[in-house]
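Coordinate analysis (summary)
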Amino acid sequence: MSLDSITETIAHFVGTFELTIEQARLRDEYQEFVALRRKNELEELEDPTTIRVKANLKLDPGEYDPLPYKLLPPAADLPLPPVPNGPLEMAQMISGPGFGPDPYVPAVQLGEAQTVIVVPDPQVAPLIIGSAVTYTFQTILMNDNDVIGQGVFRDVELQIAQGQEMLDAALSMHAIVTPSLNIEDYQSLEYLESLADQMQSPMISQIEGVTVYQFHGEDALGIFVNGEKVDEMPDWNDLLPAHHQTEEEDEEEGDAPDMMPDEWDRSDDEEFGEGHTVIAGGNLAVNQVDITLAWVDAPVIAVGGKSVSLTVVSQVAVVSDVDQGGPGVQSSTNVVQAAYIGTEASEAWWVEDNVSETSADPIVSVTWIQGDLWVTNFIKQVIDATDIDKISTELSASTSLYTLGDNVLTNVTNIIQLGNFYDLIMIGGNMVSVDVLHQTIALMDDDVYGSGTPDQEGNENLVMNQASVTTTGEDTLEELDMPHAEALTLQQVDREAFEDALTSNPDYAGMELIRVLNIEGDLVQVNSVEQITLLQDQDDMSVEGAEAVNAAVNGAGNALLNAANITKVGVDSTIMAAGGEYSDLLIHQASLLDIPEQEDATEIANEVIAVLMEETAAAGENGLAQAQSNLTPSEMASNDDAMQSMLA
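**A look at the overall build of the protein**
For the protein, the helix and strand inventory stands at nine helices and 28 strands. Summarising the internal contacts of the protein: among those between residues at least 6 apart in sequence, 92% fall at separations of at least 24. Here the protein has roughly 34300 Å² of accessible surface; of this, 52% comes from carbon and sulfur atoms.

**Re the side chain of S314**
Following the sequence through the fold, S314 ends up in strand β10 (residues 307–320). Taking relative accessible area as the criterion, S314 reaches 0% and is therefore assigned buried. A polar atom in the side chain of S314 sits 3.3 Å from the backbone nitrogen of A175. For S314, the contacting residues outside a window of four places in its chain are H174, A175, L437, H438, Q439 and H588.

**Quick word on the pattern of salt bridges**
Enumeration over the complete set of coordinates arrives at five salt bridges. A salt bridge links D540 to K390; the nearest nitrogen and oxygen atoms lie 3.3 Å apart. Of the two residues, D540 is situated in strand β24 (residues 540–544) and K390 in strand β14 (residues 390–394); the sequence distance between them amounts to 150 residues. Residue D540 is classed as buried on the basis of its relative accessible area of 1%.

**Considerations on the sheet that holds strand β9 (residues 300–303)**
With parallel pairing, six strands are arranged side by side in an open sheet as β12-β22-β17-β9-β27-β21. Strands at the two margins of the open sheet, each flanked by one partner only, are β12 (363–369) and β21 (475–478). Mean inter-strand twist for the sheet, computed between neighbouring axes without regard to direction, equals 20 degrees. Of the strand pairs in this sheet, β9 and strand β27 (residues 573–577) are connected by four bridges, and their pairing is parallel. Directly across from V300, in β27, lies its bridge partner T574. Sheet strands touched by helix α6 (residues 495–503): β12, β17 (424–427) and β22 (513–519). Its angle to β12, the strand with the most contacts, is close to 130 degrees.

**Some details on unusual backbone geometry**
Keep in mind that most residues, glycine aside, have a negative phi and that most peptide bonds are trans. Even without a glycine there, the phi angle at N226 is positive, about 50 degrees. Structurally, N226 can be placed in the loop between β5 (222–225) and β6 (228–230).

**Quick word on the sheet that holds strand β18 (residues 431–444)**
If you trace the seven strands from one edge of the open sheet to the other, you get β2-β13-β23-β18-β10-β28-β4, paired in mixed fashion. The sheet terminates laterally at β2 (132–143) and β4 (211–216), the two strands that pair on one side only. For this sheet the average axis-to-axis angle between neighbouring strands, irrespective of direction, equals 5 degrees. Running over the sheet, helix α2 (residues 156–171) touches β10, β13 (373–386), β18 and β23 (523–536) and is turned about 150 degrees from β23. Of the strands in this sheet, β4, β10, β18 and β28 (581–594) are in contact with helix α3 (residues 189–200), which crosses β10 at around 50 degrees.

**What about the packing of aromatic side chains?**
Two measures describe an aromatic ring pair: the distance that separates the ring centres and the angle between the ring planes. Applying the stated rule across the entire model yields nine aromatic pairs. Seen from their ring centres, Y135 and F378 are 4.8 Å apart, and the 15 degrees between their planes marks the pair as stacked. Highlighted residues: Y135 in strand β2 and F378 in strand β13, separated in sequence by 243 residues. Given the relative accessible area of 1%, F378 is considered buried. Three or more aromatic residues joined by ring pairs form one cluster here, namely Y135, F137, Y186, Y191 and F378.

**Re the nonpolar core**
Among the nonpolar cores identified, the biggest contains 20 residues, and W295, V296, L373, I425, I427 and L517 are the most heavily contacted of them. Counting only elements with at least two residues in this core, the list comes to β8 (284–297), β9, β13, β17, β22 and β27. Looking at this core element by element, the count peaks at three residues for β8. The residues touching I427, leaving out its near neighbours within four places in the chain, are I301, A302, V303, G304, L488, I519, G521, D522 and L523. Listed in part, the 19 residues of the second largest apolar core include L192, V434, V524 and V526.

**Things to note about the confidence of the model for the protein**
In the predicted model, the protein carries a mean pLDDT of 79, and 73% of its residues have values of at least 70. The low-confidence segment residues 121–127 (pLDDT under 50) makes 13 contacts with residues lying over four places distant or belonging to another chain. Scored below 50 in pLDDT, residues 619–648 shows 53 contacts in the model against residues more than four places distant or in partner chains.

**Quick word on α6**
Within the sequence span of α6, burial applies to F498, L502 and T503. The arc that holds the buried residues of α6, viewed along the axis, is 130 degrees, so those residues lie on one side.

**Comments concerning the side chain of Q381**
As for its position among the elements, Q381 is in strand β13. Using a relative accessible area of 0% as the deciding quantity, one classes Q381 as buried. From its side chain, Q381 meets the backbone oxygen of N411 in a polar contact 3.4 Å long. When residues no more than four places from it in sequence are discounted, the contact partners of Q381 are Q138, N287, Q288, V289, N411, V412, T413, E530, Q531 and I532.

**Some remarks on the environment of D455**
By the element assignment, D455 lies in the loop between β19 (448–449) and β20 (460–472). In sequence terms D455 and G557 are 102 residues apart; their C-alpha atoms lie 9.8 Å from each other.

**Thoughts on a negative patch on the surface**
Residues D231, E232, D235 and D238 make up a contiguous surface patch of negative charge. Checked against the element boundaries, E232 lands in the loop between β6 and α4 (236–239).

**Topic: α2**
The end-to-end C-alpha distance of α2 is 23 Å, a good match for the 22 Å that 16 residues give at a rise of 1.5 Å each. Every buried residue belonging to α2 is among L158, Q159, Q162, G163, M166, L167, A169 and A170, and all of these are buried. Taking the backbone nitrogen of E157 as reference, a side-chain oxygen 3.2 Å away marks D155 as the first, capping residue of α2.

**Section: the environment of A175**
If you trace the backbone, A175 turns up in the loop between α2 and α3. In this structure, the C-alpha to C-alpha distance between A175 and S205, residues 30 residues apart in sequence, is 9.7 Å.

**Points about the pairing of β28**
With ten of its 14 residues buried, β28 lies for the most part within the structure. In the sheet, β4 pairs with β28 via six bridges, with the strands oriented antiparallel. Its bridge partner being in β28, Q214 is matched across the sheet by H588.

Thresholds, definitions, all that
Residues numbered from 1 in each chain as written. Predicted model: local features only at pLDDT ≥ 70, side-chain atom pairs only at ≥ 80, totals over all residues. Heavy atoms only, no water. Helix = DSSP H or I, 4+ residues; strand = E, 2+ residues; numbered from the N terminus. Contact = heavy atoms within 4.5 Å. Areas by Shrake-Rupley, 256 points an atom, 1.4 Å probe, with all protein chains shown as cover. Buried < 20%, exposed > 50% of the residue type's maximum accessible area, 1.4 Å probe, protein only. Polar contact = N/O pair within 3.5 Å; in protein donor to acceptor, adjacent residues only side chain to side chain. Salt bridge = Lys/Arg side-chain N within 4 Å of Asp/Glu carboxyl O. Pairing = 2+ DSSP bridges. Axes fitted to C-alpha atoms, helices over the stretch in contact; angles between N-to-C directions. Phe/Tyr/Trp six-rings, centres within 6.5 Å; stacked < 30°, edge-to-face > 60°. Core = buried A, V, L, I, M, F, W, Y, C linked by side-chain atoms within 4.5 Å. pLDDT = per-residue confidence, 0-100. Arc of directions from axis to C-beta. Patch = residues over 30% accessible without salt bridge, like charges linked within 9 Å, V, L, I, M, F, W, Y side chains within 5 Å. Lys, Arg positive; Asp, Glu negative; His and termini not counted. Charge placed at Lys NZ, Arg CZ, Asp CG, Glu CD. Expected span 1.5 Å × (residues − 1).

What follows is the structure, given as structure tokens:
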């Protein structure tokens with residue numbers, strides 16, 4: 001009996017279903033069978049996880065004999081290692097900056113850190129010293145531009161372009177151009193003359209509203225803060241905004257120790273605090289350089305050419321901090337530019353002990369360098385960060401925290417160079433010493449508040465350039481006398497004549513040992529530090545809802561630091577240069593600030609930066625309205641919020 005089409009289809013489906021179930025059942029039984037069989041096989045092994053491989057690797061005797069090599073016995077009259085050159089028993093190890101605050105290194109570092117220590121080993125080469133040249137480049141580029149919700153926000157691209165225009169304007173406000181990274185330029189007298197001319201030429205900026213302070217020569221000795229000479233260098237840690245201050249709680253005597261786990265203590269954790277908080281600022285950017293240099297020095301230095309010494313500290317700060325919104329939204333920015341140049345006397349402590357007990361001629365120990373001696377450090381640190389946040393949201397939870405900023409960026413470099421001291425340094429060419437600290441810092445913190453009130457304790461910024469050049473050992477200038485002038489003309493082949501010229505010199509009579517460094521070429525010592533910090537923290541913030549009135553909305557709390565400290569350790573020296581001597585000091589501090597008073601947040605304190613903004617925005621044509629829009633709280637309140645469901 002044949003089935004109809006519907007019944008046949010149902011029967012076919014039932015059969016297929018039964019076959020599928022049977023295949024699954026047989027598959028499970030087969031896998032169980034395989035597992036039991038493998039288990040029985042593995043139980044016969046001692047350790048199924050251990051695999052032993054046996055191989056007969058024994059070599060035939062006599063076919064592979066040991067190599068016919070024996071170490072020679074040491075010589076019976078092996079001399080002791082030579083005495084290191086210099087009074088090491090009285091030497092001092094110096095680490096860290098000799099002046100200024102201690103290096104500030106946050107616990108979290110997102111940048112690069114480098115420490116360079118250069119110390120010649122006296123046991124390996126006690127009478128030879130060479131050049132020490134370092135190049136260090138550290139760059140941090142950060143784009144932390146967050147957008148939460150939807151609104152009539154300013155154009156981010158135009159804001160970034162405005163920041164670059166501000167940085168270009170800041171770089172044009174320096175006393176000298178960016179220092180050269182070509183090491184050979186500092187050996188050229190033409191380049192040194194151009195650098196000296198720039199130091200002597202007063203900086204005349206084409207930008208209106210720039211405040212400039214300059215100090216030359218002996219007038220530049222001391223501590224200068226924002227153009228005023230003071231007695232004490234300000235401390236970066238004391239000036240930090242409250243947002244970055246660490247709270248130190250001292251336990252009172254008699255209090256019982258807390259036996260609860262640390263993770264249970266949520267009293268100081270802002271994530272579990274009450275209320276609503278929006279942090280769009282709170283950024284920390286630090287460029288830190290510390291150089292300690294004690295390579296070569298002597299009480300007497302004879303130079304066949306010229307002696308040139310130039311020290312420049314050029315600091316520039318540009319700040320735009322104009323906030324828009326209700327009363328009390330305007331933040332404060334503390335701008336500090338501190339510089340120190342100082343020299344301390346230090347006598348050659350070993351001279352008193354270097355006296356011969358007999359009337360014999362002194363022993364001359366000469367380190368001869370055929371060519372130039374370079375002691376240079378080139379460092380460039382750059383932080384280019386944008387933290388332009390846009391937030392428009394409704395607060396519907398009981399507690400919320402929006403952290404859009406709070407970035408930590410650090411570049412840290414420490415260099416220590418320790419060499420030898422001598423009784424006499426002879427230089428056939430020129431002696432050049434150049435120290436340049438070139439610091440640029442720019443902050444744009446123009447915020448727009450649609451609603452919410454900033455926390456007044458954290459509603460402040462800090463911008464600081466700090467530099468110091470400390471020299472241990474004062475230099476006295478004298479004319480080159482005939483005995484030293486004659487010794488400078490002698491070459492290494494005339495070593496005996498060179499030693500006779502020194503032993504017959506009455507200046508060294510009575511000495512037991514004369515340690516001499518003879519450089520046939522130039523002695524070039526250069527420390528060039530360039531630091532650039534740019535932070536753009538231009539936030540658009542608006543929070544709505546019943547809890548918006550009590551919400552803390554902070555767009556400030558930023559801290560920016562450029563710190564460079566150079567410590568040059570030496571002794572009091574008498575310099576005799578046949579070609580003459582030239583030295584100059586310069587401290588240059590320039591600033592351009594657009595910071596209105598708290599009482600009138602709508603007043604523009606400096607219209608120059610606003611003009612730069614308009615010129616930059618003009619390139620964007622229609623973007624000018626968005627980039628420079630003054631949004632009122634009512635306009636911000638009308639924006640749609642696509643993130644209303646984001647709860648703490």
